[in-house]
Amino acid sequence: MKIAFIGGGNMATALIAGLAGRLLPGANIHVVDPSEEALARLASSYGVTTAQSIDNSVGACDVVVLAVKPQQMRDVAAALAPQLTAGPLVLSIAAGIRAADLSRWLGGYGAIVRTMPNTPALIGKGITGMVATGSVSELQRVAADDIMKAVGQTVWLDDEVLIDPVTAISGSGPAYVFYFIEAMQQAAEEMGLSAEQGRQLALETFTGAAQLAAQSPDPVTVLRERVTSKGGTTHAAISSMEAAGVKAAIVAAVKAAAHRGRELGDQLGAD
C-alpha cells in the first residue's frame, strides 16, 4: 500500500509515526506540505518522500489522507481532483467537512471515508470515529481502519450524522478531561498541597480510574457507587456536584459541542 498525506501537521505526524516501519515502509508514504521544515523533519525521522505541492506521486497512491485545516479543504480538493484518476481512497481527518461537500469539491468523487480522531493519537492512545460513503470498497474500508488503528482504536458509524456527536464526545473530549484535572489541581493547591503534588495526585487518579473503568466488566455507575459510601467523603463531594448541577452542565456542554459541529459543517460546506 502507498499512502499520500496532504498536510504534515501534528495529526499527520502521529499517523506517519504509527505507520512507518510497522504497517508499511516509510518510502511508501508521500507527504505534501508547503513547509520545508516540516517535510525535512518527516523525511529525516520516517524516510518518507515529500513535495511542497500536490504532484503525480499523490495520484499513484492507494490512499490519500487529507490532513489540512478545514478552511483549506476546498482549495486542496480542487488541486487534488485531477490526481484521482486511479481511484484511490480519500480519507479525511478534517473536522466539520461533510463527505458530500468534499465529494462535490472533488468533482463528484465518491470513495471517501470521513474520520474524527482525537489528540491522544499523538501518543498512540487515540480513538477515531469513522464513516464510509457507499462507493468505498471493503478493501478500502479495511485500509482506512488499519491506518487509523496505527494511533489507537476505531469506531465505525452507520450514519455520517453521528460524526457530530463523536466530535463532541471524543474529538473535543480530551479538553474536558484536562479541564477537570485543572480543577482537581487547583483544589489541591488551595488545600495546602504543592503544585507538583496536586498534579501527580490528579493525573494518576484520572489515569488509574480510566484504566479501571476500561478493564472492569462493571458499568461506570457501579464503579462510582462502590467508592461512594453514604455519609463519607466521596458522598459529600458527589452531593456537592449534584447540587451544583455538574452532570447536567457536562451533558449540556457536550450537546453544545455537537451543535457547533453541525453549524461548522453548514458554514464550511456552503457555496
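Residues numbered from 1 in each chain as written. Predicted model: local features only at pLDDT ≥ 70, side-chain atom pairs only at ≥ 80, totals over all residues. Heavy atoms only, no water.

### Comments concerning the overall build of the chain
Point 1. A count of helical and extended segments in the chain gives 12 helices and 8 strands.
Point 2. Structurally, the chain occupies a C-alpha span of about 70 × 40 × 35 Å along its principal axes.
Point 3. The proportion of buried residues among the 271 residues of the chain is 39%.
Point 4. For the chain, contacts bridging at least 24 residues in sequence account for 60% of all contacts bridging at least 6.
Point 5. Summed over all atoms, the accessible surface of the chain reaches about 14,600 Å², with 56% contributed by carbon and sulfur. (Helix = DSSP H or I, 4+ residues; strand = E, 2+ residues; numbered from the N terminus. Buried < 20%, exposed > 50% of the residue type's maximum accessible area, 1.4 Å probe, protein only. Contact = heavy atoms within 4.5 Å. Areas by Shrake-Rupley, 256 points an atom, 1.4 Å probe, with all protein chains shown as cover.)

### Description of the side chain of Ser170
Point 1. One can find Ser170 in helix H7 (residues 163-171).
Point 2. On the basis of relative accessible area, Ser170 is assigned to the buried category, the value being 15%.
Point 3. If sequence neighbours within four positions are ignored, Ser170 has contacts with Asn118 and Ile127.

### Points about the pattern of salt bridges
Point 1. Under the criterion given, the structure shown has 6 salt bridges.
Point 2. Here Arg98 makes a salt bridge to Asp266, at a shortest N to O gap of 2.8 Å. On the criterion of sequence distance, the pair formed by Arg98 in the loop between strand E5 (89-92) and helix H5 (99-105) and Asp266 in helix H12 (residues 246-269) is long-range, its members being 168 residues apart.
Point 3. Given the relative accessible area of 25%, Arg98 is considered partly exposed.
Point 4. Measuring nitrogen to oxygen at the nearest pair gives 3.1 Å for the salt bridge that ties Arg260 to Glu263. Linking Arg260 with Glu263, this pair stays in helix H12, spanning 3 residues, or about one helical turn.
Point 5. Overall, Arg260 belongs to the partly exposed group, its relative accessible area being 37%.
Point 6. Given a relative accessible area of 31%, Glu263 falls into the partly exposed group. (Salt bridge = Lys/Arg side-chain N within 4 Å of Asp/Glu carboxyl O.)

### Quick word on the nonpolar core
Point 1. Phe5 and Ile29 are the most contacted members of the largest nonpolar core, which totals 30 residues.
Point 2. Counting residues per element, the ones that place at least two in this core are strand E1 (3-6), helix H1 (10-19), strand E2 (29-32), helix H2 (36-46), strand E4 (63-66), E5 and helix H6 (138-149).
Point 3. Per-element tally for this core: the top contributor is H1, with 6 residues.
Point 4. Ignoring sequence-local partners within four residues, the contact set of Ile29 consists of Ile3, Phe5, Ile16, Leu19, Ala20, Leu24, Val48 and Thr49.
Point 5. Residues Val68, Ala94, Ala99 and Trp105 belong to the second largest nonpolar core, which totals 24 residues. (Core = buried A, V, L, I, M, F, W, Y, C linked by side-chain atoms within 4.5 Å.)

### Comments concerning the packing of aromatic side chains
Point 1. A full pass over the atoms with the stated rule returns 1 aromatic pair.
Point 2. On the numbers, 6.0 Å between centres and 70 degrees between planes, the contact of Phe180 with Phe206 is edge-to-face. Placement of Phe180 in helix H8 (residues 173-190) and of Phe206 in helix H9 (residues 195-215) is noted, with a sequence separation of 26 residues between them.
Point 3. A relative accessible area of 27% means that Phe206 is categorised as partly exposed.
Point 4. Lying over the aromatic face of Trp156, Arg141 brings its terminal NZ or CZ to 4.0 Å of the ring centre. (Phe/Tyr/Trp six-rings, centres within 6.5 Å; stacked < 30°, edge-to-face > 60°. Lys NZ or Arg CZ within 6 Å of the ring centre and 35° of its normal.)

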